[in-house]
There are 2 protein chains.
Amino acid sequence: MQSRTPASRTGRPRSAAADAAILAATREALVELGWSKLTLGDVATRAGVAKTTLYRRWAGKNELVVDAVAELFDELELPDRGSLAADIEGVVLQFAAILARPEAKSGLMAVVAESTRDDALRERIRASIVERQMRLVLEGRARAQRRGELPSVPDPAEATRTGDLIFDVVAGAVVHRTLVSGKPADEEWVRSFTRVLLLGLASSA
Amino acid sequence: MQSRTPASRTGRPRSAAADAAILAATREALVELGWSKLTLGDVATRAGVAKTTLYRRWAGKNELVVDAVAELFDELELPDRGSLAADIEGVVLQFAAILARPEAKSGLMAVVAESTRDDALRERIRASIVERQMRLVLEGRARAQRRGELPSVPDPAEATRTGDLIFDVVAGAVVHRTLVSGKPADEEWVRSFTRVLLLGLASSA
DNA sequence: CCATTACGCTACGGGTCGTAGCGAAAGCTC
DNA sequence: GAGCTTTCGCTACGACCCGTAGCGTAATGG
């Protein structure tokens, strides 16, 4: 996270319980108040810590919410469901379930918006949230290539570009469906999406 | 926009020039300051109007930015380029060019984030921004069906679902590429994306 | 026991918010 | 032009949140 305890060994250690309490309080405040009305003073009160303690660990609202939201994505997994289509449907449904939670809705888009003017924040989001999702895409793709469902790409640069493309299409579609269109990415939608992704528009009814 | 002059005909009319100046000042402030540091007092000063004038027309920052950003999407068009693939590439490049502008980056995601807790704001975004994009998708699809490039869907409900799906995939992918991955949706990317969208993952190298 | 760091608490200047109140300006109707 | 109505610019205000400084205390390790 944000912990920096590399060389310093002396002195009173930071309370790990306080970290957990603050992040939980942040998610609670996101649900009740939303991003714009969330204040660090309120979060500190909810967590039972002093405001100064909070400022010693996080630079501001942006960094705090990134860490609080990032924990929601810990549960993402990619079990082998036997086929590429089933793998995609499974992971997309998991992703959609996380995005449907109010603390994710309120917080994620807000910090992404802020990250357009803050490179350090963008990198923090990439490392703690996006990177994990990306790994799943690459793993699912490699699995499908072993099954023979997807052609293998010899050129590494080309492989990276294709991986990035797939990731933006999958994540972008789910995010847009959930947050912009405001409709649930339920099983029916995910089936239709997977069909289009695999077979293309022309093949889908 | 927000003008309400249905029954009231008497008294001093609202200055249309002030509206334009305020919206332009809002975009200017979005570029220079970004969403979070943009204040209504500053916008009023930039526009050369009193802060109270601004509050008479817009309920708050959210509504103001929605209207300011919405004007950016006025230029979206869908000229007939002869094939579905060419039509998609053309409109996606236009969309990407708008999203690449700093006033769109900073503002759009922020108001979408706020809209997760404000239904009126969500509807405002839908009506003034999303609706226009959706129209292009439907028009391009109808055109492709006339050309025989896409199968026609007799069931109206199914047609709506498919239209919504295509829209979320296209818009979501471009938005995610631009704002989350932070990479440009340039011609090369758009070509690859169009290929995947039309032919599916299996057919793309 | 002592150095070091974290903690809780209080207090503060600075900034923004959104509104109220005022006189002046700009239209329309007669 | 007289009179009515609404908008406009301006000033001022209490309320809130920010981020930090200072202090005494608590919890470690040497």
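Residues numbered from 1 in each chain as written. Chains lettered and ligands numbered in written order. Predicted model: local features only at pLDDT ≥ 70, side-chain atom pairs only at ≥ 80, totals over all residues. Heavy atoms only, no water.

**Focus: the overall build of chain A**
And step 1. A count of helical and extended segments in chain A gives nine helices and zero strands.
And step 2. Of all 205 residues assigned to chain A, the portion counted as buried reaches 51%.
And step 3. Long-range contacts, defined here as pairs at least 24 residues apart, represent 65% of the contacts in chain A between residues at least 6 apart.
And step 4. Of the accessible surface of chain A, which amounts to about 9,700 Å², a share of 52% is contributed by carbon and sulfur atoms.
And step 5. Taking the average place of the 29 positive charges on the side chains of chain A and the average place of its 28 negative ones, the gap between the two points comes to 5 Å. (Helix = DSSP H or I, 4+ residues; strand = E, 2+ residues; numbered from the N terminus. Buried < 20%, exposed > 50% of the residue type's maximum accessible area, 1.4 Å probe, protein only. Contact = heavy atoms within 4.5 Å. Areas by Shrake-Rupley, 256 points an atom, 1.4 Å probe, with all protein chains shown as cover. Lys, Arg positive; Asp, Glu negative; His and termini not counted. Charge placed at Lys NZ, Arg CZ, Asp CG, Glu CD.)

**A word on the protein's contact with DNA strand C**
And step 1. Surrounding DNA strand C, one finds 23 residues, the nearest of these being A:Arg12, A:Thr52, A:Thr53, A:Arg57 and B:Tyr55.
And step 2. Restricting attention to atoms of DNA strand C within 4 Å of the protein, one finds that 60% of them are sugar or phosphate atoms.
And step 3. B:Arg12 places a side-chain nitrogen or oxygen 3.1 Å from a base nitrogen of DNA strand C.
And step 4. Contacts to DNA strand C include B:Tyr55, whose side-chain N or O atom sits 2.8 Å from a phosphate oxygen.
And step 5. The dominant element in the surface near DNA strand C, judged by the number of residues it contributes, is helix 3 (residues 51–57) of chain A, at four residues. (Near = heavy atom within 4 Å. Polar contact = N/O pair within 3.5 Å; in protein donor to acceptor, adjacent residues only side chain to side chain.)

**Things to note about the UniProt feature "DNA-binding region" (unreviewed entry) in chain A**
And step 1. According to UniProt, the feature "DNA-binding region" (unreviewed entry) maps to residues 39–58 of chain A in the numbering used here.
And step 2. Helix makes up 75% of residues 39–58 of chain A and strand makes up 0%, while its end C-alpha atoms are separated by 13 Å. (UniProt positions renumbered as here; feature names shortened; annotations may be inferred.)

**A short note on the side chain of A:Arg141**
All names here are of chain A.
And step 1. Residue placement: arginine 141 occurs in helix 7 (residues 119–147).
And step 2. One buried charged side chain, arginine 141, makes no salt bridge at all; its nearest oppositely charged neighbour is glutamate 158, positioned 7.0 Å away.
And step 3. Ignoring any residue separated from it by four or fewer positions in sequence, one finds arginine 141 in contact with Leu150, Val153, Ala159, Thr162, Gly163 and Ile166. (Salt bridge = Lys/Arg side-chain N within 4 Å of Asp/Glu carboxyl O.)

**Some details on the protein's contact with DNA strand D**
And step 1. The local shell around DNA strand D holds 22 residues, among which A:Tyr55, B:Gly11, B:Thr52, B:Thr53 and B:Arg57 are the closest.
And step 2. Counted by atom, the contact set of DNA strand D within 4 Å of the protein is 63% sugar and phosphate.
And step 3. Contacts to DNA strand D include B:Ala50, whose backbone N or O atom sits 3.2 Å from a phosphate oxygen.
And step 4. Between DNA strand D and the protein, one listed contact pairs a base nitrogen with a side-chain N or O atom of B:Thr52 at 2.8 Å.
And step 5. Breaking the surface near DNA strand D down by element, the ones donating at least two residues are helix 2 (40–47) and helix 3 of chain A together with helix 3 (51–57) of chain B.
And step 6. Partitioning the surface near DNA strand D into residue classes produces five nonpolar, ten polar and seven charged. (Nonpolar A, V, L, I, M, F, W, Y, C, P; charged D, E, K, R; others polar.)

**Here we look at the packing of helix 6 (residues 102–115) of chain A against helix 6 (residues 102–115) of chain B**
And step 1. Two elements in contact, helix 6 of chain A and helix 6 of chain B, have axes whose closest approach is 8 Å; the angle formed by their N-to-C orientations is 170°. Between helix 6 of chain A and helix 6 of chain B, the angle falls in the class roughly antiparallel. Considering the relative orientation of helix 6 of chain A and helix 6 of chain B, their crossing is left-handed. Here A:Ser106, A:Met109, A:Ala110 and A:Ala113 of helix 6 of chain A come into contact with helix 6 of chain B, specifically with B:Ser106, B:Met109, B:Ala110 and B:Ala113. (Axes fitted to C-alpha atoms, helices over the stretch in contact; angles between N-to-C directions. Parallel < 35°, antiparallel > 145°, perpendicular 65-115°, else oblique. Left-handed = near helix turned anticlockwise from the far one by under 90°.)

**Some remarks on the confidence of the model for chain A**
And step 1. Taken as a whole, chain A shows an average pLDDT of 94; of its residues, 95% reach a score of 70 or greater.
And step 2. Considering only residues more than four positions removed or in separate chains, one finds that residues 1–6 of chain A, a stretch of pLDDT under 50, has eight contacts. (pLDDT = per-residue confidence, 0-100.)

**Re the domain arrangement of chain A**
Residue and element names in this part refer to chain A.
And step 1. Under the domain assignment, chain A is made up of domain 1 (16–57) and domain 2 (69–199).
And step 2. Centre-to-centre, using C-alpha coordinates, domain 1 lies 28 Å away from domain 2.
And step 3. Considering only the side of domain 1, the residues that lose the most area to domain 2 are Arg27, Leu30 and Trp35, jointly responsible for 75% of the buried surface there.
And step 4. In this structure, the connection of domain 1 to domain 2 is made through one salt bridge.
And step 5. A salt bridge links glutamate 71 to arginine 27; its shortest N-O distance comes to 2.8 Å.
And step 6. In this structure, the connection of domain 1 to domain 2 is made through one residue pair in polar contact (both at pLDDT 80 or more).
And step 7. Across the side of domain 1 that touches domain 2, the residue classes tally to four nonpolar, one polar and one charged. (Domains from an automatic or database assignment. Buried area = accessible area lost by both parts, 1.4 Å probe.)

**Observations regarding the interface of chain A and chain B**
And step 1. Contact with chain A, which involves 54 residues of that partner, is made by 54 residues of chain B.
And step 2. Of the roughly 4,200 Å² buried at the junction of chain A and chain B (both faces included), carbon and sulfur atoms supply 61%.
And step 3. Run the count over chain A and chain B and you get four salt bridges.
And step 4. Notably, a salt bridge pairs B:Glu188 with A:Arg161, separated by 3.1 Å at the nearest N-O pair.
And step 5. Counting the contacts that link chain A with chain B gives 20 residue pairs in polar contact (both at pLDDT 80 or more).
And step 6. The set of elements that each furnish at least two residues to the side of chain A that touches chain B consists of helix 1 (16–37), helix 6, helix 7, helix 8 (156–180) and helix 9 (187–199) of chain A.

**Examining the relation of the copies chain A and chain B**
And step 1. Once chain A is rotated about the relating axis by 180° and shifted along it by 0.0 Å, it coincides with chain B to within an RMSD of 0.1 Å. In the structure described here, the two chain copies are related by an operation that fits a two-fold rotation axis.
And step 2. A shared interface surface links the copies, since 100% of the contact residues of chain A are contact residues in chain B too. (Least-squares fit on C-alpha atoms with pLDDT ≥ 70 in both.)

**Some words on the UniProt feature "domain: HTH tetR-type" (unreviewed entry) in chain A**
And step 1. As annotated in UniProt, the feature "domain: HTH tetR-type" (unreviewed entry) corresponds to residues 16–76 of chain A in the numbering used here.
And step 2. Across residues 16–76 of chain A, helical content stands at 77% and strand content at 0%; the span's end C-alpha atoms are separated by 24 Å.

**Observations regarding the pattern of salt bridges**
And step 1. Per the counting criterion, the structure on display carries 42 salt bridges over all chains.
And step 2. Its salt-bridge partner being A:Glu139, residue A:Arg143 comes within 3.1 Å of it at the nearest N-O pair. Taken as a pair, A:Arg143 and A:Glu139 lie in helix 7 at a separation of four residues, close to a single helical turn.
And step 3. Taking relative accessible area as the criterion, A:Arg143 reaches 9% and is therefore assigned buried.
And step 4. Where B:Arg46 meets B:Glu32, a salt bridge forms, and the shortest distance between an N and an O atom there is 3.0 Å. Here B:Glu32 lies in helix 1 (residues 16–37) and B:Arg46 lies in helix 2 (residues 40–47), a separation of 14 residues in the sequence.
And step 5. The exposure class assigned to B:Glu32 is partly exposed, which follows from its relative accessible area of 47%.

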